[in-house]
Amino acid sequence: MHGSSWKQCKMELLPDVWRRDYWLPPGVTWEDMDKLAPWERPLPRDLLVAVPLALSFVVLRYVFERFCAPPIGRRLGVRNRLRVTATPSPQLESFYMKQSTRPTQSDIIDLTSLCGKTQRQIETWFRLRRRQDKPGQTKKFGEAAWRFFFYLTSFVGGLACLIDTPWFWDLRECWREYPVQPLQRRHYWYYMVELGFYGSLLLRISVDIKRKDFREQVIHHLATVFLLSFSYCANYIRIGTLVMLLHDSADILLESAKMFNYGSGWRKVCDVLFVVFTAVFFLTRLVIFPSKIIHTTLILSMETFQPFAGYYFFNILLMVLQGLHVFWAVLILRMVPKFLTGKMEKDERSDEDSELEEDKEDVQGGEYSPTRCQDTPNFKLPPLSNNCVLNNLTKHRASIADRMRKAQ
């Protein structure tokens, strides 16, 4: 924290960006902020602290996933699936790396003359090669475990520094004497740690596991960084701390459910965590967030000041987060019927190129014909049918491995 005034800080940057009517309610000037002690002012350049924090989180995460997550995963029975590797082929590898991981039919025909393999052999080679690049269970577990421990630590720390504040119990206190509200040291570090963490997620997003909601995750991280940065500069600290605490509560349960899902022998624990997560998610993101947080920023804040540019921008960012909440709620609702019928095999957000989908491609391509269970009684048809399919898939995978070794 610094002792220079708000006016000196804003003059160091573009003057048009820091116009009073952008950041402060009507009737409030930058000079009014000088009423606060130097260490009580949320200065914009304080945000630079988040940069080394983000880099530190990247390093800390590497250490955690490298040395801490593996032993925890072994205790939970996390193991990578055995996969048949594609036979080395320089021509196919070059095409795979430089052009496309999914060649078209014309590409396959060209590759047959180039490397002397049949079309079926080339299709199978690319399928196996894609599987090799898929992240293993241990990597997925490491990412989930890292986020779990951060969200847990952040939630406990955030609750500890907010439980005795008046605005934790009465949302109108968020706007009492706004924006001339002193910033406490503990809330400053709460903000910087959260901002540094989401900054580290953006730095790592290109190497993290990509799921179906990859674009929504990018939007979420960017909106969160903008929301934290803007709310800090505009001294929306009080409502900002509540937003962070509310989001961390459900994320803890989500990541813990993933951790047990990647292990073996923890199905009941994973199911319980999924049920609790679903309840907490809908309560916090679809009930409390719009009815309490957004309501207080849109309606209750108007009891203290009139709208200004920062008021609209802050609420737009909150609306973006709420839109993402609705999107993820739809994904969760799609999982509920599968969960109730015992057919939920994977997360709706999981990476698209699953091994099961690859096996279905083999079936559709005429590689084999699964045996039909025609004599199964009606009341046991679904489970026994699943067993037949799973058994055929297991045999089919083994047969593919044998044929690939012979063909390649």
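Model, not experiment: these values are computed from the prediction.

Analysis parameters
- Residues numbered from 1 in each chain as written.
- Predicted model: local features only at pLDDT ≥ 70, side-chain atom pairs only at ≥ 80, totals over all residues.
- Heavy atoms only, no water.
- Helix = DSSP H or I, 4+ residues; strand = E, 2+ residues; numbered from the N terminus.
- Polar contact = N/O pair within 3.5 Å; in protein donor to acceptor, adjacent residues only side chain to side chain.
- Contact = heavy atoms within 4.5 Å.
- pLDDT = per-residue confidence, 0-100.
- Axes fitted to C-alpha atoms, helices over the stretch in contact; angles between N-to-C directions.
- Parallel < 35°, antiparallel > 145°, perpendicular 65-115°, else oblique.
- Nonpolar A, V, L, I, M, F, W, Y, C, P; charged D, E, K, R; others polar.
- Salt bridge = Lys/Arg side-chain N within 4 Å of Asp/Glu carboxyl O.
- Buried < 20%, exposed > 50% of the residue type's maximum accessible area, 1.4 Å probe, protein only.
- Phe/Tyr/Trp six-rings, centres within 6.5 Å; stacked < 30°, edge-to-face > 60°.
- Lys NZ or Arg CZ within 6 Å of the ring centre and 35° of its normal.

Colleague: Before we move on, can you summarise the side chain of Thr-112 with the specific residues and values?
Modeller: Turning to its location among the elements, Thr-112 is positioned in helix α5 (residues 105-115). A polar contact of 2.4 Å, which involves the side chain of Thr-112, links it to the backbone oxygen of Ile-109. Those residues within four positions of Thr-112 in sequence are excluded, and the remaining contacts are Lys-117, Thr-118, Gln-119 and Ile-122.

Colleague: Please give an account of the confidence of the model for the protein chain that cites residues and values.
Modeller: Reading fine detail from the predicted coordinates is not recommended where pLDDT is low. Predicted confidence across the protein chain gives a mean pLDDT of 82, with 79% of residues reaching 70 or more. At the low end of the mean pLDDT range in the protein chain sits helix α14 (residues 355-364), at 44; at the high end sits helix α3 (residues 50-75), at 96. Taken as a whole, residues 351-394 scores under 50 in pLDDT and shows 53 contacts with residues more than four places along the chain or in a different chain.

Colleague: Report on the packing of helix α4 (residues 90-98) against α5, specifying residues and quantitative values.
Modeller: Here α4 crosses α5 at 150°, and the two axes come no closer than 10 Å. Between α4 and α5, the angle is such that the two are roughly antiparallel. Contacts between α4 and α5 involve Gln-91, Leu-92 and Phe-95 from the former and Asp-107, Leu-111, Leu-114 and Cys-115 from the latter. Its residues assigned to classes, the contact of α4 with α5 comprises five nonpolar, one polar and one charged.

Colleague: Run through the pattern of salt bridges, naming residues and quoting values.
Modeller: All chains considered together, the criterion is met by 18 salt bridges. A salt bridge links Arg-285 to Asp-251, with the shortest nitrogen-to-oxygen separation between them at 3.1 Å. Here the residue Arg-285 occupies a position in helix α12 (residues 267-298), and Asp-251 occupies one in helix α11 (residues 237-262), the gap between them amounting to 34 residues. Residue Arg-285 is classed as buried on the basis of its relative accessible area of 3%. Residue classification places Asp-251 among the buried residues on the basis of a relative accessible area of 12%. Connected through salt bridges with shared partners, the residues Arg-61, Glu-65, Lys-139, Glu-143, Arg-147, Arg-204, Asp-208, Glu-255 and Lys-258 form a single ionic network.

Colleague: Would you mind going over the packing of aromatic side chains in detail, with residue names and values included?
Modeller: Enumeration over the complete set of coordinates arrives at 33 aromatic pairs. Ring geometry for Phe-197 against Tyr-198: centres 5.5 Å apart, planes inclined by 80°, an arrangement best described as edge-to-face. Grouping residues by exposure puts Phe-197 and Tyr-198 together as buried. Seen in terms of ring centroids, Phe-281 and Phe-282 are 6.0 Å apart; in terms of plane orientation they differ by 75°. Their pairing is edge-to-face. For Phe-282, a relative accessible area of 23% puts it in the partly exposed group. Taken together, the aromatic side chains of Trp-23, Trp-175, Tyr-178, Phe-230, Tyr-236, Phe-305, Phe-308, Phe-313 and Phe-314 make up a single cluster linked through ring pairs. Directly above the aromatic system of Phe-67 lies the positively charged group of Arg-66, at a separation of 5.2 Å from the ring centroid.

Colleague: With reference to specific residues and values, describe the environment of Lys-258.
Modeller: With respect to the helices and strands, the residue Lys-258 is situated in helix α11. The buried category is assigned to Lys-258, whose relative accessible area is 9%. Sequence spacing of Lys-258 and Ala-144 is 114 residues, and the spatial spacing of their C-alpha atoms is 6.4 Å.

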